[in-house]
Amino acid sequence: MGFFDFMTEDIAIDLGTANTLIIHNDKVVIDSPSIVARDRVSGKIIAVGKEANMMQGKTHENIKTIRPLKDGVIADFDASEKMINMFIKSIPALKKRMFTPALRMVVCIPSGITEVEMRAVKESCERVNGKEVYLIHEPMAAAIGIGIDIMQPKGNMIVDIGGGTTEIAVIALGGIVCDKSVKIAGDVFTNDIVYYMRTQHNLFVGESTAEKIKIQIGAAIEDLDGPPEDMSVQGRDLLTGKPKQVDVSYREIAKALDKSIQRIEDAVMETLSQTPPELAADIYNTGIYLAGGGSMLRGLDKRISQKTDLPVYIAEDPLRAVVRGTGMALKNISKFKSILIK
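All residue numbers here refer to positions counted from 1 along the written sequence of the relevant chain. In keeping with the predicted nature of the model, local features appear solely for residues at pLDDT of at least 70, side-chain atom pairs appear and are counted solely at 80 or more, and the whole-chain, interface and lining totals rest on all residues. Excluding hydrogens and water, the side-chain figures rest on all heavy atoms present in the structure.

A. Spotlight on the packing of aromatic side chains. Two rings belonging to Phe, Tyr or Trp (six-membered ring only in the last case) form a pair when the distance between their centres is within 6.5 Å. Interplanar angles under 30 degrees mark stacking, angles over 60 mark edge-to-face geometry, and anything in between is tilted. Within this structure, the stated rule accounts for one aromatic pair. Taking the centre distance of 5.6 Å and the plane angle of 35 degrees together, the rings of Tyr289 and Tyr313 count as tilted. Within this pair, whereas Tyr289 is found in strand E17 (residues 288-291), its partner Tyr313 is found in strand E18 (residues 312-314), the two being separated by 24 residues in sequence. In this structure Tyr289 comes out as buried when scored by relative accessible area, which is 19%. Here Tyr313 falls in the partly exposed class, since its relative accessible area comes to 40%. Here Arg198 stacks its cationic end above the ring of Phe204, 4.7 Å away from the centre of that ring. One residue, Lys342, lies across the ring of Tyr134, its end atom 4.6 Å from the ring centre. Runs of E in the DSSP output that reach at least two residues are strands. Runs of H or I that reach at least four are helices, and both are numbered from the N terminus. Each residue is placed in one exposure class: buried if its accessible area under a 1.4 Å probe, protein chains only, is under 20% of its type's maximum, exposed if it is over 50%, and partly exposed if it falls in between. The rule is short: NZ of Lys or CZ of Arg within 6 Å of the ring centre and within 35 degrees of the ring normal puts a charge over the ring.

Structural data, given as structure tokens:
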């Protein structure tokens with residue numbers, strides 16, 4: 001334990017398309033939307049996270065809201081770096097420090113990511129004072145976060161439905177045996193709802209409203225056991241141009257999302273069909289684990305279960321499963337050396 005170790009802080013980051021989570025000292029210290037607001041004139045970042053999220057869709061021409069990540073990868077390098085930097089600076093325990101400490105970080109990345117995209121994540125982190133940066137694949141992190149012992153010679157299937165990508169992976173012996181990453185996830189669901197409201201109700205709603213609909217009454221099947229109440233949705237009438245309100249039921253949302261969910265189901269089926277027989281035997285017994293915000297869609301577990309004839313389990317606190325796993329990997333870097341990418 002040298003002087004340098006004393007100066008180093010460990011943080012685990014789940015850099016997501018929709019939300020960024022940071023763990024420091026075993027606690028989730030940041031849980032914010034991955035969005036920044038930039039002043040167009042000065043080019044300065046004026047808000048990040050929850051604050052910038054409230055501005056989304058309500059800006060005038062001098063303010064632009066940017067989501068620096070798209071489909072799970074960095075799309076706007078400059079904005080993503082500033083965002084990570086501002087999040088790290090706002091961690092309560094690090095605020096007390098006189099200067100930014102050196103950081104040892106573990107960051108998770110989608111499994112279908114290219115070398116270049118990987119380097120973008122790494123460089124972003126190194127530029128915010130990351131001295132040691134390790135990367136971990138999202139399905140791996142999710143599996144650790146769910147509490148699966150990934151080093152066992154046993155097959156487990158993880159479906160992680162995030163904001164930008166859905167990651168499907170079969171994991172055994174501390175490695176990913178077969179995986180598929182599809183760009184159908186929470187953001188696409190939100191756009192499906194916008195499109196549905198537009199075509200079916202002649203109502204133009206913003207992204208934030210569509211996301212509220214998704215969270216409040218979103219569903220994957222049309223007959224739920226404990227259905228949510230109908231929701232009143234406000235927006236702009238496309239015919240008259242006046243603001244108007246429409247009542248929407250969960251059944252309509254299930255219809256709106258049907259095509260996208262079908263594509264996720266197909267990806268799950270395809271991954272299952274590529275699984276080696278011994279692992280397929282394991283999965284028959286262990287079932288499928290769902291993580292990520294998309295897994296909270298009502299009835300999705302039931303729907304995937306009907307499609308695959310396998311038991312489907314939703315991780316507890318699915319939004320944080322990935323960051324929890326990333327945090328565990330950070331604590332036992334030596335144990336998980338084989339799955340971390342240096």
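Moving on from the coordinates now.
B. Representation of helix H3 (residues 77-89). Under the 1.5 Å per step criterion, the end-to-end length of H3 is 18 Å for 13 residues, consistent within 8% with the ideal 18 Å. Along H3, the residues that are buried comprise Ala79, Ser80, Glu81, Met83, Ile84, Phe87 and Ile88. Any pair of nitrogen or oxygen atoms within 3.5 Å is treated as a polar contact; in protein, a donor-acceptor pairing is required on top of that, and neighbouring residues in sequence qualify only through side-chain atoms on both sides. For H3, the N-terminal capping position is held by Asp76, with its side-chain oxygen 3.3 Å away from the main-chain nitrogen of Asp78. Given the number of residues in a helix, its expected span is that number minus one, multiplied by 1.5 Å.

C. How the structure looks around the UniProt feature "binding site: ATP" (unreviewed entry) in the protein. UniProt positions are given in the numbering used here, feature names are shortened, and annotations may be inferred rather than shown by experiment. As annotated in UniProt, the feature "binding site: ATP" (unreviewed entry) corresponds to Thr17, Ala18, Asn19, Gly163, Gly164, Thr165, Glu211, Lys212, Ile213 and Lys214 in the numbering used here. Note on placement: Gly164 falls in the loop between strand E11 (156-161) and strand E12 (166-172). Mapped onto the fold, Lys214 is located in helix H8 (residues 207-217). A residue is classified by how much of its surface remains accessible, and Lys214, at 14% relative accessible area, is buried. Setting aside chain neighbours within four positions, we find Lys214 in contact with Gly186, Phe189, Thr190, Ile193, Leu297 and Arg298. A distance of 2.9 Å separates polar atoms of two side chains, one belonging to Lys214 and the other to Thr190. Throughout, a contact is declared for two residues whenever any of their heavy atoms are within 4.5 Å.

D. Geometry of the environment of Lys342. Structurally, the position occupied by Lys342 is in the segment after helix H12 (321-331). Taking relative accessible area as the criterion, Lys342 reaches 56% and is therefore assigned exposed. C-alpha of Lys342 to C-alpha of Lys242: the two residues are 100 residues apart in sequence and 55 Å apart in space.

E. Just unusual backbone geometry, in detail. The backbone of Asn129 sits at a positive phi, close to 80 degrees, despite the residue not being glycine. By the secondary structure assignment, Asn129 is in the loop between helix H5 (115-126) and strand E10 (130-137). Even without a glycine there, the phi angle at Asp317 is positive, about 50 degrees. Note on Asp317: relative accessible area 40%, which makes it partly exposed.

F. Here's a closer look at the sheet that holds strand E13 (residues 175-182). Criterion used throughout: strands pair if DSSP finds at least two bridges between them. An order of E13-E12-E11-E17-E18 is seen for the five strands of this open sheet, with the pairing classed as mixed. Looking along the sheet, the strands with just one partner apiece sit at the ends: E13 and E18. The average angle at which neighbouring strand axes cross in this sheet is 20 degrees, direction not considered. As paired strands, E11 and E17 are joined by four bridges and run parallel to one another. Bridged to Val159 within E17 is Leu290. To get an axis, a line is fitted to the C-alpha atoms, and for a helix only the part in contact is used. The angle between two axes follows their N-to-C directions and goes from 0 to 180 degrees.

G. Just the side chain of Ser34, in detail. With respect to the secondary-structure elements, Ser34 resides in the loop between strand E3 (27-33) and strand E4 (36-39). On the basis of relative accessibility, which here comes to 1%, the residue Ser34 falls in the buried class. A distance of 2.7 Å separates a polar side-chain atom of Ser34 from the backbone oxygen of Gly16. When residues no more than four places from it in sequence are discounted, the contact partners of Ser34 are Gly16, Thr17, Ala18, Asn19, Thr20, Ile66, Arg67, Pro68, Leu69 and Met83.

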